[in-house]
Amino acid sequence: MNPVDVTETLLRFLYFKNHYRPDQTVRHSAFIPPQDRRLSVFRILGLRENEVWALGEKLRPEPPLGRADINVAAVRETGLTVDADDIPPRHANIVGWPDEASAIKLKAMELAEQAILHLK
Amino acid sequence: MSIAIPCIGCDCPSFLTRPSGVGGDRGYSEKIIEEIAGMWSPRSMTFGGPLGEALISLFAVYKECSQADWDGYGAAPITADAYDEVQKIIKLLPSSIRMPEIVAEPTGEIGLEWRRGRGQVFVMSVSGRHRINYAGLFSGNKVHGSEYFDETLPVMIIGHLRRLYS
């Protein structure tokens, strides 16, 4: 794929119900990175809705419950960056996280507030 | 209406003391659920609705997230120490502060979340190590930090909660 553009939309597949609220908003916990500080997302530019969900079907034995969509612009506004590795195709990681746990929590919170929830 | 009744001597429910081996002890888990359910009965005046709901939610999250990879991305399990610490915090919340939502975090911390609306949210998280990590958004203003916690809630934390609902 081409280099990540600021107008692109990324998604994070959600496998745990507690990561979103009953009012269809996303919780910060959905965006807290793992220990390697690389938050797994997918680029969905040019994909139809069924193709987007098909991405998530191949990742784990269980299908995702939903997904949180967020614009690259919103990611960059928090000071984070998107590193596209295409492994698997369309995969990227949100990187550039701070070291402090509370600072990570704040950035995850900012991402969640900008994300849009789609349930399967 | 909520009425707080102190636990004295042998009357203290078991889930208000440190649980041991909750993750693998199905019998103990069921005992906890029965006790909480009992406190919700019309005959019981021990807990108001919101407190009981928060404790039930806490236990449900703990039970669901006590194994590794509970989120599908390699999340760390939530420990009994974190569970104990959140129970303690919930009991220390001022009565003027509404009960939080319980949130499991991939680091193994348990988060307490208050959200008033878009861009107005405060979360504090613990892992059972006497340290509260918190972050908040207040309509464009941001805060984050870490506070030591032992027997009382840090004044700063209470201040941020009051700010959220001011």
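Just so you know, these numbers come straight off a predicted model, no measurement behind them.

Chemist: Just checking my understanding: could you explain the packing of helix α2 (residues 49-64) of chain B against helix α3 (residues 80-92) of chain B for this structure?
Modeler: Helices that pack against each other are described as a pair by the angle of their axes relative to one another and the distance between those axes. Residues and elements named next belong to chain B. The contact between α2 and α3 brings their axes to 11 Å, and the two run at 170°. What the angle tells us is that α2 and α3 run roughly antiparallel. Here Leu 51, Ala 54, Leu 55, Leu 58, Phe 59 and Tyr 62 of α2 come into contact with α3, specifically with Ala 80, Tyr 83, Val 86, Gln 87 and Ile 90. Residue composition of the contact of α2 with α3, by class: 10 nonpolar, one polar and no charged.

Chemist: Could you clarify how one ought to interpret the nonpolar core in this entry?
Modeler: When a protein is soluble and globular, its nonpolar side chains tend to lie buried together. One finds Ile78(B), Ile89(B), Trp114(B), Phe122(B), Met124(B), Ile132(B) and Leu153(B) to be the most contacted residues of the largest nonpolar core, which totals 36 residues. For this core, the element with the highest residue contribution is α3(B), accounting for six residues. In this view, Phe122(B) contacts Leu112(B), Glu113(B), Trp114(B), Tyr134(B), Ala135(B), Gly136(B), Phe138(B), Ile157(B), His160(B), Leu161(B) and Leu164(B); residues no more than four positions away in its chain are not counted. Grouped together as the second largest cluster of nonpolar side chains are 26 residues, Val4(A), Val41(A), Leu80(A) and Ile104(A) included.

Chemist: How should I be thinking about the interface of chain A and chain B in this particular structure?
Modeler: How large an interface is tends to be reported as the accessible area lost when its parts come together. On the side of chain B, 33 residues touch chain A, which itself brings 25 residues to the contact. A buried area of about 2400 Å², summed over both sides, lies between chain A and chain B, and 56% of it is on carbon and sulfur atoms. Among the residues of chain A in contact with chain B, Phe16(A), Lys105(A) and Glu113(A) are the three that bury the most area, contributing 24% of the side total. Summed over the shared surface of chain A and chain B, the number is eight salt bridges. A salt bridge links Glu113(A) to Arg115(B), with the nearest nitrogen and oxygen atoms 3.0 Å apart. Here chain A and chain B share 17 residue pairs in polar contact (both at pLDDT 80 or more) between them. At the level of secondary structure, the elements contributing two or more residues to the side of chain A that touches chain B comprise β1 (9-14) and α3 (101-114) of chain A. Of the residues forming the side of chain A that touches chain B, the biggest block, nine residues, is contributed by α3(A). Along the lines of polarity and charge, the residues of the side of chain A that touches chain B split into eight nonpolar, eight polar and nine charged.

Calculation notes
Residues numbered from 1 in each chain as written. Chains lettered and ligands numbered in written order. Predicted model: local features only at pLDDT ≥ 70, side-chain atom pairs only at ≥ 80, totals over all residues. Heavy atoms only, no water. Axes fitted to C-alpha atoms, helices over the stretch in contact; angles between N-to-C directions. Helix = DSSP H or I, 4+ residues; strand = E, 2+ residues; numbered from the N terminus. Parallel < 35°, antiparallel > 145°, perpendicular 65-115°, else oblique. Contact = heavy atoms within 4.5 Å. Nonpolar A, V, L, I, M, F, W, Y, C, P; charged D, E, K, R; others polar. Core = buried A, V, L, I, M, F, W, Y, C linked by side-chain atoms within 4.5 Å. Buried < 20%, exposed > 50% of the residue type's maximum accessible area, 1.4 Å probe, protein only. Buried area = accessible area lost by both parts, 1.4 Å probe. Salt bridge = Lys/Arg side-chain N within 4 Å of Asp/Glu carboxyl O. Polar contact = N/O pair within 3.5 Å; in protein donor to acceptor, adjacent residues only side chain to side chain.

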